[in-house]
Every structure is written in structure tokens, then in C-alpha cells.
Amino acid sequence: MTTEQMLDERYGRATSGRKRLGLGIAIALGTVATLLLGWAVYNSNVNSVDSDSTGFEVIDEHTVTLRFQVTTVPGRDISCVIEAQDEDFGIVGWRVVSFAGSDVTSREFEESIPTTALATTGFVNSCWVS
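Within each chain, residues carry numbers counting from 1 in the order of the written sequence. Since the coordinates come from a predicted model, pLDDT governs what is reported: local features require at least 70, and pairs of side-chain atoms require 80 or more to be given and counted, while whole-chain, interface and lining totals use all residues. Side-chain measures here rest on the full set of heavy atoms in the structure, leaving out hydrogens and waters.

> For this particular structure, what's the right way to read the state of the cysteines?
Our working definition of a disulfide is a cysteine sulfur pair at a distance within 2.5 Å. This structure, assessed with the given rule, holds one disulfide. The side chain of cysteine 80 participates in a disulfide bridge whose partner is cysteine 127; the two sulfur atoms lie 2.0 Å from each other. Residues cysteine 80 and cysteine 127 share a disulfide whose torsion about the S-S bond is about 110°; that sign makes it right-handed. Of this pair, cysteine 80 sits in strand 3 (residues 78–85) while cysteine 127 sits in strand 6 (residues 121–129), and the two are 47 residues apart along the sequence. Per-residue accessibility, obtained with a 1.4 Å probe over protein chains only, is compared with the maximum for each type, and a residue is labelled buried under 20%, exposed over 50%, and partly exposed between these values. Classification of cysteine 127 by relative accessible area gives buried; the value is 14%. Labels follow the DSSP assignment, with helices taken as runs of H or I lasting at least four residues and strands as runs of E lasting at least two, numbered in each case from the N terminus.

> Where do I start with the environment of alanine 40 in this structure?
Here alanine 40 shows up in helix 2 (residues 18–46). Owing to a relative accessible area of 42%, alanine 40 belongs among the partly exposed residues under this scheme. Along the sequence, alanine 40 and threonine 72 sit 32 residues apart, while their C-alpha atoms lie 17 Å from each other.

> Looking at this structure, I do not really get the packing of aromatic side chains. What am I missing?
Aromatic ring pairs are reported here in terms of the distance separating the ring centres and the angle at which the planes meet. Only the six-membered ring of Trp is used, alongside the rings of Phe and Tyr, when aromatic pairs are assigned; centres must lie within 6.5 Å, and planes under 30 degrees apart are stacked while those over 60 apart are edge-to-face, with the rest tilted. Applying the stated criterion to the full structure yields four aromatic pairs. Ring centres 6.2 Å apart and planes at 55° place the aromatic pair phenylalanine 68 and phenylalanine 99 in the tilted group. Placement of the pair is phenylalanine 68 in strand 2 (residues 63–72) and phenylalanine 99 in strand 4 (residues 91–99), with a sequence separation of 31 residues. Here phenylalanine 68 and phenylalanine 99 have matching classes, each one buried. With centroids separated by 3.7 Å and ring planes inclined at 20°, the aromatic side chains of phenylalanine 99 and phenylalanine 109 adopt a geometry described as stacked. Taken together, the residues span a long stretch of sequence, with phenylalanine 99 in strand 4 and phenylalanine 109 in strand 5 (residues 106–114) at a distance of 10 residues. Among the aromatic residues, those joined into a ring-pair cluster are Phe68, Phe99 and Phe109.

> Can you help me understand the sheet that holds strand 6 in this one?
Sheet strands pair via backbone hydrogen bonds, and the direction of the pair is either parallel or antiparallel. Two strands make a pair as long as DSSP finds a minimum of two bridges between them. Judged by pairing direction, the sheet is antiparallel, and its three strands sit side by side in the order 4-3-6 without closing on themselves. Here the strands that pair on one side only, and so sit at the sheet edges, are strand 4 and strand 6. Mean inter-strand twist for the sheet, computed between neighbouring axes without regard to direction, equals 20°. Here strand 3 pairs with strand 4 via eight bridges, running antiparallel. Across the sheet, the residue bridging to isoleucine 78 is phenylalanine 99, located in strand 4. Axis geometry follows a simple rule: fit a line to the C-alpha atoms, using only the stretch in contact for helices, then measure angles between N-to-C directions, giving values from 0 to 180 degrees.

Given below as C-alpha cells:
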């Protein structure tokens with residue numbers, strides 16, 4: 001028996017391919033986890049839509065006009081929920097608006113919201129890629 005074999009036996013070092021197999025599996029799992037994380041980040045950025053209300057005007061007790069800006073990846077159709085609230089933060093009107101994709105990243109819109117009572121504010125509730 002050689003010195004190396006004696007040391008391997010004494011300290012429990014395996015000379016078989018089990019360590020290599022374990023290392024290969026760990027590397028494969030790490031690669032798959034990295035790819036999944038990369039895909040999740042990419043997918044969330046491709047479908048992200050940012051909206052900002054830039055102003056509103058209460059026309060009368062049945063109408064609010066809302067101005068807003070939407071930023072998204074060019075070429076994507078988007079939809080937004082726009083909303084009007086009264087002084088007690090109750091929803092007095094809302095509407096879903098859809099816009100065709102464009103080659104421009106950021107666009108401005110002006111839409112009217114029909115209301116059931118006098119509103120005191122108008123804003124974009126949410127937007128998404130449709």
C-alpha cells in the first residue's frame with residue numbers, strides 16, 4: 001500500500017468519481033438557477049409599464065379629464081385603468097383604456113372619465129402589457 005493510499009484510507013478521502021459527480025451536479029444546478037433568475041429579470045423588464053398622472057381637470061359633476069404619461073417597451077400594446085375619486089376617496093368613475101403599440105418609449109395621453117358624482121381627483125390606477 002502506498003503512502004497516498006494509506007492517507008486516503010486514514011482520512012476518509014474517496015478516490016472514486018463520486019466527488020466529481022457531486023461537483024458536476026452542483027455546477028449544473030447552479031447554472032440552471034442562474035438561467036432561471038436571468039429569465040425572470042428579463043421577462044419582468046420586457047412586460048413592465050410605468051405610468052404617471054400629469055394632471056386632471058374636473059369638467060362637471062359627470063366628467064373628469066385626465067392627462068397621463070405611459071412608458072413601456074416600444075411595440076407593445078398597453079391597457080390602463082384610469083379612475084376618478086370624490087373627496088372621501090370613494091371611486092365615482094373608472095374606465096379601462098387601451099392603446100396600440102408604438103415605436104416611441106414614452107407617450108402622453110388625455111382621456112375623459114365618466115363619473116356618477118362630483119370628483120375631486122383623477123389618476124392612473126394601473127397599466128399592463130395587453
